[in-house]
Amino acid sequence: MDASFPGSGDKPIAMLVDDDAKVREAMSNLLNSVGIETISFSSAREVLEAKLPDRPSCFVLDVRMPGLSGLDLQRHLQANGIETPIVFLTGHGDIAMSVEAMKAGAVDFLTKPVRDQTFLDAVSNAIATDIARREATLTARKHATDYETLTQRERQVLRLVIGGALNKQIAFELGISEITVKLHRSNMMKKMHANSITQLFTAWQSLPESVRRGDE
Amino acid sequence: MIAVAAACICFGWKAGLLAIVMAGFAAAAIETASDTIGAGGWLRVAVFVASAFGLWLVVQLFRVVSFYEQVYRNAQPTMEDIPGLGWSCYPDGRMRFVNPKALEFVGLTVEEMKKLMEAGDTAWWQPFVHPDDLERSLALWKHSLSSGEPLIDEQRVRRHDGTYRWFRDSAVASRDEHGRITAWYGTTVDIDDQRKAEAALRESEQQLRQLIDTVPALIWCATPDGKPSYLNQPLLRWTGMSQSGETTGTASQFAATIIEAVHPDDQPSFQAALSQSFKSGDPFMLKYRLRRADGNYRWIDGKAEPLRDTDGRILQWYGVCLDIHDEMQAQEAARLADERLARALRAASLSEMSVSIAHELNQPLQAVVANANAFQRWLRANPPNFERASRTAEWIIRDVDAAADVVNRIRALFTQAGNSRQPIQLNTVINETCELVSDKLQAGKIRLEIDLDPALPSVGADRVQIEQVVINLVRNAIEAMQETPVHARILRIATRLRNSEMLEVAVSDRGHGIDDSDRIFEAFFTTKKDGIGMGLAICRSVIEAHGGRVWAESAPGRGATVTFSLPVQSPERDREPIDVGTLVASKVQTGHEPERLPV
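Residues numbered from 1 in each chain as written. Chains lettered and ligands numbered in written order. Predicted model: local features only at pLDDT ≥ 70, side-chain atom pairs only at ≥ 80, totals over all residues. Heavy atoms only, no water.

An unreviewed UniProt entry annotates chain B as histidine kinase of Sinorhizobium garamanticum. Entered under Catalytic activity (unreviewed entry) in the UniProt record, the comment concerning chain B runs "ATP + protein L-histidine = ADP + protein N-phospho-L-histidine." (UniProt positions renumbered as here; feature names shortened; annotations may be inferred.)

Per an unreviewed UniProt entry, chain A goes by Response regulator transcription factor and derives from Sinorhizobium garamanticum.

Structure representation (structure tokens):
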């Protein structure tokens with residue numbers, strides 16, 4: 001299996017959480033053998049106290065652990081705004097439990113003993129999901145920064161362009177000449193790094209909800 | 001006349017001498033008068049009467065003089081040496097003398113004392129007595145002065161520094177030979193420390209009484225013959241008795257009152273224990289139900305001990321009753337809950353244990369699977385990573401050992417738990433088990449047929465384990481009949497003695513039957529959708545550990561019969577006792593020992 005993840009600068013890492021050292025070691029060994037780095041935690045508490053790596057990653061959680069269970073940890077992570085994907089491993093496939101975990105955003109719910117390929121696929125999926133998530137976050141951040149550079153007038157023009165208005169209509173709406181609209185528009189497109197209306201629209205879509213509603 | 005005068009001598013020689021002289025003068029006057037006045041027969045008589053009157057006056061005068069002489073003579077300061085505070089008064093109460101110690105105490109100078117004396121006040125001591133005590137002291141003083149009775153009074157007297165101390169004043173009247181009061185003599189003794197000690201004693205007694213009346217216990221005291229001498233307030237309130245009503249009666253009346261309030265069921269034991277204690281002097285100790293004021297019977301923990309004098313005679317009985325009704329009820333509730341829990345546990349533990357065992361095996365199994373795959377990948381890598389592969393192989397061996405350990409521990413759990421074996425009646429065990437699952441039978445609309453051999457001998461076995469086996473078989477049978485038509489759902493349990501050494505228990509159902517009646521006892525083999533296949537495997541372990549055998553017979557479509565046999569004689573009890581918690585304990589151990597490499 002190829003463990004390269006295109007489009008990501010950093011090497012991915014899987015974070016294993018299991019109270020059983022043997023299982024922890026074995027799963028980590030299996031992931032290492034396909035080139036995925038791992039980091040192990042023996043309890044949910046340890047995870048919450050640790051500084052988690054800023055890399056494409058995923059969690060592999062044992063459901064049944066003394067103290068905080070895997071499901072408890074999932075809740076805590078979400079409450080802390082950590083959206084790293086989670087693969088659950090459980091000794092006994094409890095349907096109700098897996099439904100709960102999946103609803104809460106888990107990528108997979110596997111029953112021990114799990115086949116190696118199933119497990120590795122689940123982890124790869126989770127990591128791919130995380131990479132996509134991280135990229136989306138990065139792009140959104142870039143677009144938000146671009147948006148910040150716009151002047152008030154340019155922002156007004158952007159809003160109207162997104163709304164599908166022609167230059168003439170924009171000029172009428174803002175009470176300025178069409179020439180000026182064209183000037184603002186080209187500046188705006190440059191600042192937003194958009195070559196076409198489609199790209200501009202994608203960037204607009206990635207902006208935070210509050211910005212789009214014009215709450216500032 | 002001279003004879004009369006001579007008689008006057010008895011009043012005092014001076015008076016007598018004067019009277020004789022007077023009588024002589026009178027006689028001479030009468031004589032002279034009769035000579036000078038011839039016709040004065042009447043005059044003579046008059047002179048005679050006058051002389052006699054004068055004589056009487058003289059006598060009286062002397063008597064008074066001699067009395068006062070006596071009074072004042074004694075007024076000399078002869079009491080100076082009296083220890084303590086001494087004083088003396090005239091019969092009318094005026095101050096006559098106060099000794100220096102008393103003067104010093106109240107801070108009077110001699111001049112001031114003289115002034116007081118001259119003032120002639122009959123209650124001259126008033127300024128020195130505490131205002132609160134004044135009225136009573138005055139009344140007593142007046143009473144004594146008028147009646148002559150001795151004065152005994154306690155009052156606070158002001159010291160020279162203004163502080164008051166308690167004194168006991170006692171005074172008696174001094175009388176002359178005619179019984180007339182000539183003076184009052186008094187001493188005043190400092191009793192302040194005594195008064196304070198008494199007050200402290202009263203206070204501590206009060207506190208003790210308050211304590212006894214406040215503690216949440218019913219306390220009583222009784223005389224050696226059983227008459228109550230004291231009942232504390234909580235006791236009176238609790239029982240609704242009145243202090244006066246019950247404590248004034250005789251011992252037997254009181255006993256009757258108490259015994260009547262004891263719960264009828266407890267009366268004989270209560271009466272026996274009480275009379276035994278009062279007879280022998282042994283401490284009384286009994287838990288019984290007593291009627292409270294509201295009419296409810298409540299559990300009481302009663303205890304009593306005798307107080308004896310140095311000769312060992314009982315002086316007093318001290319008793320305490322504690323209302324333990326709530327504790328008793330809580331205990332009873334806890335006992336019932338325990339029983340229910342134990343029954344529920346007995347019914348549930350086999351499946352619970354199976355889940356736990358499955359989890360136990362799952363962990364090493366998962367590790368083996370993952371490591372074996374990793375092993376393969378390390379070898380297939382380009383270039384192959386032999387170092388990691390070798391380490392992985394070591395881990396695989398270790399994990400397989402751990403799995404084998406789990407299996408061994410499970411086996412040990414059933415083969416070595418012989419320490420709790422005792423003779424049990426299988427028929428009884430079966431009847432009780434059927435009660436435990438009666439709700440399941442009802443829910444499954446299953447008719448139960450029990451065919452027990454009444455002559456079944458007892459077997460030496462672990463009761464709980466055999467119960468588990470029976471429960472498991474009965475549950476399996478119930479579950480096997482889920483799809484059987486209701487009228488045909490019959491569960492049959494039979495016991496019989498096969499020969500002199502073995503007896504058999506057969507559990508039959510009318511379910512779908514068993515396809516492979518040999519494999520069903522293997523671990524992890526199951527015919528159920530949600531089973532994990534440990535139940536019958538454990539049953540077999542248990543039965544074989546008891547020296548018996550278990551087998552199944554089935555006619556497809558007509559149900560199955562699972563039979564187990566047990567030896568009549570118990571197998572030798574030479575096995576090591578084992579803690580049943582081993583499985584759980586070792587589970588914790590394997591869970592938290594991170595590095596355990598094979599030796």
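What am I meant to see in the overall build of chain B here?
Looking only at helices and strands, one finds 18 helices and 17 strands in chain B. A total of 599 residues make up chain B; the buried ones form 40% of that total. Across chain B, the fraction of contacts at a sequence separation of at least 24, relative to all contacts at a separation of at least 6, is 57%. When the accessible surface of chain B is totalled, it reaches about 33,800 Å², and 56% of it is carbon and sulfur. (Helix = DSSP H or I, 4+ residues; strand = E, 2+ residues; numbered from the N terminus. Buried < 20%, exposed > 50% of the residue type's maximum accessible area, 1.4 Å probe, protein only. Contact = heavy atoms within 4.5 Å. Areas by Shrake-Rupley, 256 points an atom, 1.4 Å probe, with all protein chains shown as cover.)

I would appreciate a short explanation of the pairing of strand β16 (residues 549-554) of chain B in the present structure.
Regular strands show a simple pattern: their side chains alternate between the two faces of the sheet. All names here are of chain B. In the sheet, β16 pairs with strand β17 (residues 560-567) via six bridges, with the strands oriented antiparallel. Across the sheet, W551 pairs through a bridge with T563, a residue of β17. The loop that links β16 with its antiparallel partner β17 comprises five residues; one of these, G557, has a positive phi angle of about 85°. (Pairing = 2+ DSSP bridges.)

What's the story with the sheet that holds strand β2 (residues 37-41) of chain A in this structure? I'm lost.
The pairing of strands in a sheet comes from backbone hydrogen bonds and takes either a parallel or an antiparallel form. Residue and element names in this part refer to chain A. Sheet architecture is open: five strands sit in the order β2-β1-β3-β4-β5, paired in parallel fashion. Across the chains shown, the open sheet's two edge strands, defined by having one partner strand only, are β2 and β5 (108-111). Shown here is a sheet whose adjacent strand axes are inclined to one another by a mean of 20°, direction ignored. Sheet topology note: the strand β1 (residues 13-17)/strand β3 (residues 57-62) ladder contains five bridges and is parallel. Paired with I13 across the bridge in β3 is S57. Contacting β4 (86-90) and β5, helix α4 (residues 95-103) crosses the sheet at an angle of about 155° to β5. (Axes fitted to C-alpha atoms, helices over the stretch in contact; angles between N-to-C directions.)

What is the right way to look at the environment of R159 of chain A in this model?
Mapped onto the elements of the fold, R159 of chain A is located in helix α6 (residues 152-162). The class for R159 of chain A is partly exposed, based on a relative accessible area of 30%.

Looking at this structure, I do not really get the packing of helix α5 (residues 116-149) of chain A against α6 of chain A. What am I missing?
Helix packing for two helices is described by the angle between their axes and how far apart those axes are. Residue and element names in this part refer to chain A. Closest axis-to-axis distance for the α5/α6 pair is 8 Å, and the angle between their directions is 125°. It follows from the interaxial angle that α5 and α6 lie oblique. Contact residues: Y147, E148 and T149 in α5; E154, R155, L158 and R159 in α6. Tallied by class, residues from the contact of α5 with α6 come to two nonpolar, one polar and four charged. (Parallel < 35°, antiparallel > 145°, perpendicular 65-115°, else oblique. Nonpolar A, V, L, I, M, F, W, Y, C, P; charged D, E, K, R; others polar.)

Where do I start with empty space enclosed by the protein in this structure?
If you roll a probe as big as a water molecule over the atoms, it shows you where there is empty space left. According to the stated counting rule, one finds three cavities of 30 Å³ or more in the structure shown. The space that makes up the largest cavity amounts to roughly 310 Å³. If you trace the largest cavity, you find 21 residues lining it, with W87, W124, W125, D169 and T188 of chain B closest to the centre. When its residues are assigned to classes, the lining of the largest cavity shows 16 nonpolar, three polar and two charged. By volume, the second largest cavity is sized at about 50 Å³. The wall of the second largest cavity is formed by L16, V17, D18, V23, R24, M27, V60, L61, D62 and L89 of chain A. (1 Å grid on protein atoms, 1.4 Å probe; cavity = no way out; pocket = protein on both sides within 12 Å on 5 of 7 lines; lining within 4 Å. Points joined across faces, edges and corners; volume = space filled by probe spheres on them.)

Looking at this structure, I do not really get the interface of chain A and chain B. What am I missing?
A common way to express how large an interface is: the accessible area buried when the components associate. Between chain A and chain B, the contact holds 24 residues from the first and 27 residues from the second. Across the chain A to chain B interface the summed buried area is about 2,200 Å²; carbon plus sulfur atoms make up 51%. For the pair chain A and chain B, the number of links is two salt bridges. Linking D116 of chain A and R377 of chain B is a salt bridge whose minimum nitrogen-to-oxygen distance equals 2.7 Å. (Buried area = accessible area lost by both parts, 1.4 Å probe. Salt bridge = Lys/Arg side-chain N within 4 Å of Asp/Glu carboxyl O.)

How do you make sense of helix α8 (residues 178-191) of chain A when you look at a structure like this?
An α-helix turns once every 3.6 residues. As a result, residues three or four positions apart point the same way. All names here are of chain A. Over its 14 residues, α8 extends 20 Å from the first C-alpha to the last, a length consistent with the 20 Å expected when each residue adds 1.5 Å. V181, H184, M188 and M189 are the residues of α8 that are buried. Along the long axis of α8, the arc covered by the buried residues comes to 130°, so they all point the same way. Opposite its buried face, α8 presents the exposed residues I179, L183 and K190, each directed more than 90 degrees away. (Expected span 1.5 Å × (residues − 1). Arc of directions from axis to C-beta.)

How do you make sense of the pattern of salt bridges when you look at a structure like this?
When the charged atoms of two side chains lie near each other, side chains of opposite charge can form a pair. Residue and element names in this part refer to chain B. Within this structure, the stated rule accounts for 37 salt bridges over all chains. The closest approach of N and O atoms between D266 and R289, which form a salt bridge, is 2.9 Å. In this pair, D266 is assigned in the loop between α10 (251-261) and α11 (267-280) and R289 in strand β8 (residues 284-291), connecting sequence segments 23 residues apart. Among the salt bridges present, the one from R292 reaches D294, with a minimum N-O distance of 2.7 Å. Residue classification places R292 among the partly exposed positions, given a relative accessible area of 26%. Look at the salt bridges and you will find they share partners, linking R165, D190, D192, D193 and K196 into a network.

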